[in-house]
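Listed below, chain by chain, are the residues.
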Amino acid sequence: MPVRTSDSSVSGPGRGVGLGLALVSAVAFGGSGVAAKPLIEAGLDPLHVVWLRVAGAALVMLPLAVRHRALLRRRPGLLAGFGLLAVAGVQACYFAALSRIPVGVALLIEYLAPALVLGWVRFVQKRPVTRAAAVGVVLAVGGLACVVEVWSGLGFDALGLLLALGAACCQVGYFVLSDQGSDAGAEAPDPLGVIAYGLLVGAAVLTVVARPWTMDWSVLQGTASMDGRPVAAVVLLAWIVLVATVVAYVTGVVSVRRLSPQVAGVVACLEAVIATVLAWVLLGEHLSAPQIVGGAIVLAGAFIAQSSTPSKGSAQPVASGGPERELSPRGTSA
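Predicted, not measured: the structure shown is a model, and the values here were computed from it. (Residues numbered from 1 in each chain as written. Predicted model: local features only at pLDDT ≥ 70, side-chain atom pairs only at ≥ 80, totals over all residues. Heavy atoms only, no water.)

Draft legend 1. Representation of the overall build of the protein chain. Along its length, the protein chain carries 14 helices and two strands. Buried residues in the protein chain amount to 53% of all 334 residues. Look at the contacts in the protein chain between residues 6 or more apart in sequence, and 85% of them connect residues 24 or more apart. With an accessible surface of roughly 14000 Å², the protein chain has 68% of that area assigned to carbon and sulfur atoms. (Helix = DSSP H or I, 4+ residues; strand = E, 2+ residues; numbered from the N terminus. Buried < 20%, exposed > 50% of the residue type's maximum accessible area, 1.4 Å probe, protein only. Contact = heavy atoms within 4.5 Å. Areas by Shrake-Rupley, 256 points an atom, 1.4 Å probe, with all protein chains shown as cover.)

Draft legend 2. Examining a nonpolar patch on the surface more closely. On the surface, L116, L159, L162 and L165 cluster together into a nonpolar patch covering about 340 Å² of accessible area. The greatest single-element share of the nonpolar patch, amounting to three residues, is contributed by helix 9 (residues 158–178). Take L116: it is sitting in helix 7 (residues 113–124). With relative accessibility at 34%, the residue L116 sits in the partly exposed group. (Patch = residues over 30% accessible without salt bridge, like charges linked within 9 Å, V, L, I, M, F, W, Y side chains within 5 Å. Salt bridge = Lys/Arg side-chain N within 4 Å of Asp/Glu carboxyl O.)

Draft legend 3. Seen up close, the side chain of H48. Position of H48 relative to the elements: it lies in helix 3 (residues 46–67). Relative accessible area serves as the criterion here: at 8%, H48 is assigned to the buried category. Ignoring sequence-local partners within four residues, the contact set of H48 consists of A210, R211, P212, T214 and M215.

Draft legend 4. Focus on the environment of G193. In this fold, G193 is placed in helix 10 (residues 191–210). Its relative accessible area of 0% is what places G193 among the buried residues. Placed 132 residues apart in sequence, G193 and M61 show a C-alpha to C-alpha distance of 8.5 Å. Filtering out sequence-adjacent residues up to four positions away, G193 remains in contact with H68, L71 and L79.

Draft legend 5. Representation of the environment of R100. Relative to the helices and strands, R100 resides in the loop between helix 5 (76–98) and helix 6 (103–110). For the pair R100 and G160, spaced 60 residues apart in sequence, the C-alpha separation works out to 5.1 Å. Residues contacting R100, with those up to four places away along its chain left out, are D157, L159, G160 and L163.

Draft legend 6. Highlighting the nonpolar core. Counting 60 residues, the largest nonpolar core has L44, F82, Y174, L199 and Y249 as the members making the most contacts within it. Contacts of Y249, omitting those with residues within four sequence positions, involve F29, F82, A86, V87, Q91, Y174, I195 and L199. Core analysis: the next-biggest nonpolar cluster, separate from the first, contains 25 residues, V148, L259, V267 and C269 among them. (Core = buried A, V, L, I, M, F, W, Y, C linked by side-chain atoms within 4.5 Å.)

Draft legend 7. Inspection of the packing of aromatic side chains at higher detail. This structure, assessed with the given rule, holds six aromatic pairs. Between F29 and Y249, the ring centres sit 5.2 Å apart and the planes meet at 80°, which makes this aromatic pair edge-to-face. Note that F29 is positioned in helix 1 (residues 13–30) and Y249 in helix 11 (residues 233–258), a separation of 220 residues in sequence. By relative accessible area, which is 11% here, F29 ends up buried. Among the residues examined, Y249 registers a relative accessible area of 4% and is labelled buried. Geometrically, the ring pair formed by W51 and W217 is edge-to-face, given 6.2 Å between the ring centres and 90° between the ring planes. With W51 in helix 3 and W217 in the loop between helix 10 and strand 1 (223–226), this pair connects stretches of sequence that are 166 residues apart. We classify W51 as buried; its relative accessible area is 14%. (Phe/Tyr/Trp six-rings, centres within 6.5 Å; stacked < 30°, edge-to-face > 60°.)

Draft legend 8. Here's a closer look at helix 12 (residues 261–268). For helix 12, a buried count of eight out of eight residues is recorded, marking the element as mostly surrounded by other parts of the structure. Those residues of helix 12 lying buried are P261, Q262, V263, A264, G265, V266, V267 and A268.

Draft legend 9. A look at helix 13 (residues 270–283). Its 14 residues give helix 13 an end-to-end C-alpha distance of 19 Å, which sits within 8% of 20 Å, the value for a rise of 1.5 Å per residue. Among the residues of helix 13, those classed as buried are L270, E271, A272, V273, I274, T276, A279 and L283. Downstream of helix 13 by a residue or two, G284 has a phi angle that is positive, lying close to 75°. (Expected span 1.5 Å × (residues − 1).)

Draft legend 10. Structural context of the packing of helix 2 (residues 32–41) against helix 13. Where helix 2 contacts helix 13, the axes come no closer than 8 Å and their chain directions differ by 50°. Looking at the two axes, helix 2 sits oblique to helix 13. Each of V34, K37 and P38 in helix 2 lies in contact with helix 13, whose residues at this interface are A275, L278, A279, L282 and L283. Within the contact of helix 2 with helix 13, the residues separate by chemical class into seven nonpolar, no polar and one charged. (Axes fitted to C-alpha atoms, helices over the stretch in contact; angles between N-to-C directions. Parallel < 35°, antiparallel > 145°, perpendicular 65-115°, else oblique. Nonpolar A, V, L, I, M, F, W, Y, C, P; charged D, E, K, R; others polar.)

Quick look at the structure:
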């Protein structure tokens, strides 16, 4: 496994940009549920909302797919993997899990992904991880348990739990595949092209799963209620497609390239916190004291995970997102 030399692009200002992009991605992804819930309550099936989200984003990114069509020849495995895991897999497994287990439990299991990323780095890639990264993951998962109030939905449904774990594994694929090629310099696959083709693959898979030809299209011509306020359904859909999907994926993938899968994964835990806060502000779903405390714990975990940076040339563990994090397999996906 080749070792990359230190690159200043992931330190100093570049690393700060990466953290900013990761936060923007978490905010964008976190806003999807707030816009989707009114559409579901207006009569759309949840899977149809997911299909509209991914298919709409694929159409928006289609010109970029044409521009980067050479990726189909150079990186077919990466494009297929990103579409199947990072787009279709996460969505399908998560919504299937919701049909069997409570939302809080499903969210908590899905966001075990940062811990699984650390396991991938440590045991599959044989790379050491910093104590700060491990502590950050533990805090983030514990805080999420409070945010989603997991104790209120405790129960055992083996299939539901397996589906939620499948969503977590697919999310690991999102972080790992987003980092593929980041050590290739000018030969690295363009992240916009990867996202464009990933969305196209995801839309194709979800078309089979969601069967959009059975959807009640008339819902999109009317309005949906957001905490008693009427909002045009098409406006909510535009937010889901443009912000919660296109902006979310673009900023998310670029942040992984600038940081590392494990650090970006911990920051992504903020998505659940942001989604809860937005639901409080926009949908009137008030936060309890444990949820507020849990949100603070998640923030603390994200801060700790990204704050410990080994110095250049240090023999310390490198999986903390600092300038020595560039130990990455070259071209292992396609």
